Amino acid sequence: MIIQWYGQSCFKITSGETTIAIDPYDKKIGFTPPRFQANLTLITHKHDDHANSASLTGEPFVISEPGEYEVKGVFVHGFESYHDKNKGRDRGMNTMYKIGVEGIRLLHMGDFGEESLSEDFMDAIGEVDILMIPVGGKYTIDGNEAAKIVKQLEPKIVIPMHYKISGLEIDLDTAEQFLKNTGAGKREPSDKLTIKKKEITESTKTEIIILQKV
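What counts and how
Residues numbered from 1 in each chain as written. Predicted model: local features only at pLDDT ≥ 70, side-chain atom pairs only at ≥ 80, totals over all residues. Heavy atoms only, no water. Salt bridge = Lys/Arg side-chain N within 4 Å of Asp/Glu carboxyl O. Helix = DSSP H or I, 4+ residues; strand = E, 2+ residues; numbered from the N terminus. Buried < 20%, exposed > 50% of the residue type's maximum accessible area, 1.4 Å probe, protein only. Pairing = 2+ DSSP bridges. Contact = heavy atoms within 4.5 Å. Axes fitted to C-alpha atoms, helices over the stretch in contact; angles between N-to-C directions.

## A few points about the pattern of salt bridges
In this structure the tally under the stated criterion is 5 salt bridges. Ionic pairing is found between Asp-129 and Arg-105, a salt bridge with its closest N-O pair at 3.1 Å. Taken together, the residues span a long stretch of sequence, with Asp-129 in the loop between α1 (119-125) and β10 (130-134) and Arg-105 in strand β9 (residues 104-108) at a distance of 24 residues. A relative accessible area of 2% means that Asp-129 is categorised as buried. The partly exposed category is assigned to Arg-105, whose relative accessible area is 28%. Between Lys-138 and Asp-173 there is a salt bridge; the shortest N-O distance is 3.8 Å. In this pair, Lys-138 is assigned in the loop between β10 and α2 (143-153) and Asp-173 in the loop between β11 (157-161) and α3 (176-181), connecting sequence segments 35 residues apart. Judged by its relative accessible area of 44%, Lys-138 is partly exposed. When its relative accessible area of 36% is taken as the criterion, Asp-173 is described as partly exposed. Each member of the salt-bridge network shares a partner with another, and the members are Arg-105, Glu-127 and Asp-129.

## Focus on the sheet that holds strand β7 (residues 74-82)
Pairing in this open sheet of 7 strands is mixed, and the strands run β6-β7-β8-β9-β10-β11-β13 from one edge to the other. Unpaired on one side and paired on the other, β6 (67-71) and β13 (207-208) mark the two borders of the sheet. With respect to the sheet, α2 is in contact with β9, β10 and β11, its orientation differing from that of β10 by roughly 160°.

## Points about the pairing of β9
A large share of β9 lies buried, amounting to 4 of its 5 residues. Relative to β9, strand β8 (residues 93-101) runs antiparallel, the two sharing 5 bridges. Following the sheet pairing, Ile-99 is matched in β9 by Leu-106. Where β8 folds back on β9, the antiparallel hairpin that results is connected by 2 residues, among which Glu-102 adopts a positive phi of roughly 60°.

Below, the structure written as structure tokens:
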């Protein structure tokens, strides 16, 4: 499996001949929209920086709401959550997606805005191997809150997302506070993450990985 980050909450996940796109964005945020062929597209909520599925090529199956799905051997479970700490009254709803592919369990939290994960949520989500979590605050949880959720879920790998990088025209915090709170310190970014189930199984502690925007 290969995971690439396109900035904000947008990822490209490649498994064999299957390509999954998550939260493709509009050019309004300051980046060129992602343009690659996808078989499956996941949309966590319908804001400009997360829901530009039209930028992708091919004819992907689009999932944009909670539920259970199976597409090309990829298992997806969407969980409804709030985009804010006011039960959605400020920014609406958000869908977190647990994705099962190659025996690896990924959780993409979208624009999760609640203070923490409830026990019911934890039970429903189950174990997570790779966690994609927003850390930039302002519109989502911040670096402090994200670090606490990492401790709750205890994933093997964490990829921070939705934070300030060069060129982004949305006011967010950088990932610095999150890295400090998780004890990760300064990390050199990688252009992609290539991972196999065996490597996940052999991992004994949580690893924070910073990806370079494609």
